[in-house]
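Take a look at the letters that make up each chain.
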Amino acid sequence: MMDALPARGCPEDDCYFRKGCNPLAETGRSKLQNQRAVLNQQILRAVRMRAGAENLLRATTNNKVREQVLLELSFVNSDLQILKEELEGLNISVEVYQNTEETFSIPLVPLGLKETKEVDFTVPLKDFILEHYSEDSSEYEDEIADLMDLRQACRTPSRDEAGIEMLMSYFLQLGFIENRFFPPTRHMGVLFTWYDSFTGVPVCQQNLLLEKASILFNIGALYTQIGTRCNRQTQTGLENAVDAFQRAAGVLSYLKETFTHTPSYDMSPAMLNVLVKMMLAQAQECAFEQISLPGIRNEFFTLVKMTQEVAKVGEVYMMVNTAVTQEPVKENIPYSWSKLVQIKADHYRALAHYFLATILCDHELQSSDDEDQQEKALSQLYDYVPEGVMILTILKDKVQRKQLGKAHLRKAIVYHEEALRVCGLCKKLRNIEVLLEVLTAAHKRSLLKYAQQETEDDFLSLIQAPDILPKTEHKVEMVAPQFSKVKVKDLFHRLGPLSVFSAKQRWTAPRTIRFHWETGELGFSLKGGAPVQIYCLDPVCSAASAGLKEGDYIVSVGGVDCKWLGVNEVLEKLKSVGEQPIEFEVISCQDTTASMHSKSATYSVGMQKTYSLICLAMEENKTDQAKKAPLKLPFLSWGTKNRQKAASTLCLPSAVAGSSQVKKKLSPFTLLGTESSLY
């Protein structure tokens, strides 16, 4: 469970955030995430060792040293491959995320949460508040602490709506933070480190968009975990599962469309496209389980409907299977996931043929039956029928009916056997008992049905079962993330209205204006909302003589903050001083000048992965010479505003014995199409 804690920066009644789950709690999921974190650190160390060995290999000309380095590289690459397989084992540990109730269903695939390192916002934000907003940064320590607590809680969200709400709250809060503290012309010096969910390779950037994209990925991943946790033995549980997977697909699709040039393979467009299809396929699977939960009656029209529904599940899984076998996804997605998708495609297509065989073998046309209705229903199942075969003839002719039914049973048995074969080839999948039980039971059921139909003249039956047309009355679709339903208050609202007080606009330090009334006239007018602005200033009035300028914004009157006050409230405060001198503070907008860009935080270190050496530079205190890097654009761009594809990484080529030193600029996914392995 997650507890609600009052935020230090706001009153307890109207502002709060939620804690995450206890990271030390010994639950199955927490153990899995802890193992993932340990593997991420081991992968990081191995990548560092390989990067050092590759640099030495390029630098040395001594043949003996080169032989030793190549030997060391082979060991390091072997270790990385082993670590990759261990991480894949965690990704297929689906039983940890399933519902604890006894179930006889094929397991669903959840996504693991991306891991991250702690981030300290204190110094960068306090410096920016003092420099940019000219305010006492010590007064905002509580707000900064609340932001860091919220981020820390997002590392261990609970698997329920409260966890989703917390992640969405942080995502929306990042929008405020980006506008308040992250100017487009320079970096803030805040390093965000996130680990790839599939490969464990870290990515470190000074770009807040990496943080936002990773949080979105975790929202989608958490929805998948909620979906797999639902009780699939109840109608309510299956409805919740369908909804969760539709929302997961919507979030991942939103991530793909909104953030481009992502530096992490798990958030690449190709991978996200596959994940969206997989989540929709699982939603369709749960929708079929929902309509079949009360039981499937052995009745003609009921079986026709179920045949088309289950054929639809097989079709969507076939589409996913095609997607996961394409480059570059094939090299990065867990092997056991791709095999489970193939198994489900074969299993559900086998069920479709079994249901249709049951229609043909168990339901002979009776005099009381409606021939036209049955002919129409059966013809909707086929795109074509074998030459010389008529649907009505099949319905009336007992021999042809049984022969076509047996042809469908043979096809069902072939698909069942293929599903069992693929399951036996994957070590991870054959250890999932419930999966083997479901596949074996379905296979035996088809064999038994076929044995009941055998006759001596079977060798004369040469009919091939045609494919079945899929159709569903329960089509699943993506559900876009509904951020508007999550109410979030800007933690730093005391800085003033965001439309005015943002990182994009530069302001002078507050100036104190002190003057006396002149015959009851101020000598200027006020306009705008909050904060109010000076206009129609009389250049010869006492306020102008005191330093007031046209277009100034009033930020305080008599020491009372009035950034959020309108014209009437500010006028009332100005007039309330009576005959005493009026004293208020104003600020002026400065011309926005392009400051020098800080160097990009993203670099790529060889082989087939993106890795940021900036984190090594921060941790190991690299020399000043190493810090002088060429200017690069960040990987992430918000929305569709930035379509320019610039060279955004400095890649070191893979080490090959005898190869000459080559430097080549690559786009984030140039290496994805190569035939080399991930590590």
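As a reminder, the structure under discussion sits directly above these lines.
The following refers to the structure shown. Source: prediction; values computed, not measured.

What follows concerns the pattern of salt bridges. As enumerated under the stated definition, the model contains 23 salt bridges in all. Among the salt bridges present, the one from glutamate 473 reaches lysine 305, with a minimum N-O distance of 3.9 Å. Here lysine 305 lies in helix H9 (residues 300-324) and glutamate 473 lies in the loop between helix H15 (433-453) and strand E6 (511-515), a separation of 168 residues in the sequence. The salt bridge involving arginine 511 is made with aspartate 552; its shortest N-O contact spans 2.5 Å. Of the two residues, arginine 511 sits in strand E6 while aspartate 552 sits in the loop between helix H16 (542-545) and strand E9 (553-557), which places them 41 residues apart along the sequence. Here the residues in one salt-bridge network are Glu135, Asp561 and Lys563, joined through shared partners.

Tallied over the full model, the rule gives 16 aromatic pairs. With centroids separated by 6.3 Å and ring planes inclined at 80°, the aromatic side chains of tyrosine 133 and phenylalanine 181 adopt a geometry described as edge-to-face. Of this pair, tyrosine 133 sits in the loop between helix H3 (122-132) and helix H4 (141-153) while phenylalanine 181 sits in helix H5 (residues 161-181), and the two are 48 residues apart along the sequence. A residue is classified by how much of its surface remains accessible, and tyrosine 133, at 8% relative accessible area, is buried. Its relative accessible area of 0% is what places phenylalanine 181 among the buried residues. Ring pairing ties together the aromatic residues Phe128, Tyr133, Tyr140, Phe181 and Phe492, which thus form one cluster. Seen from the ring of phenylalanine 171, lysine 212 lies directly overhead, with NZ or CZ sitting 5.7 Å from the centre.

By the element assignment, glutamine 373 lies in helix H11 (residues 371-379). As for glutamine 373 and phenylalanine 301, which are separated by 72 residues in sequence, their C-alpha atoms are 9.3 Å apart.

Let's shift gears to helix H10 (residues 335-362). Between the first and last C-alpha of H10 there are 40 Å, a value that for 28 residues agrees with the 40 Å anticipated at 1.5 Å per step. Among the 28 residues in H10, 24 count as buried, and that is most of the element.

So, how was this worked out
Residues numbered from 1 in each chain as written. Predicted model: local features only at pLDDT ≥ 70, side-chain atom pairs only at ≥ 80, totals over all residues. Heavy atoms only, no water. Salt bridge = Lys/Arg side-chain N within 4 Å of Asp/Glu carboxyl O. Helix = DSSP H or I, 4+ residues; strand = E, 2+ residues; numbered from the N terminus. Phe/Tyr/Trp six-rings, centres within 6.5 Å; stacked < 30°, edge-to-face > 60°. Buried < 20%, exposed > 50% of the residue type's maximum accessible area, 1.4 Å probe, protein only. Lys NZ or Arg CZ within 6 Å of the ring centre and 35° of its normal. Expected span 1.5 Å × (residues − 1).

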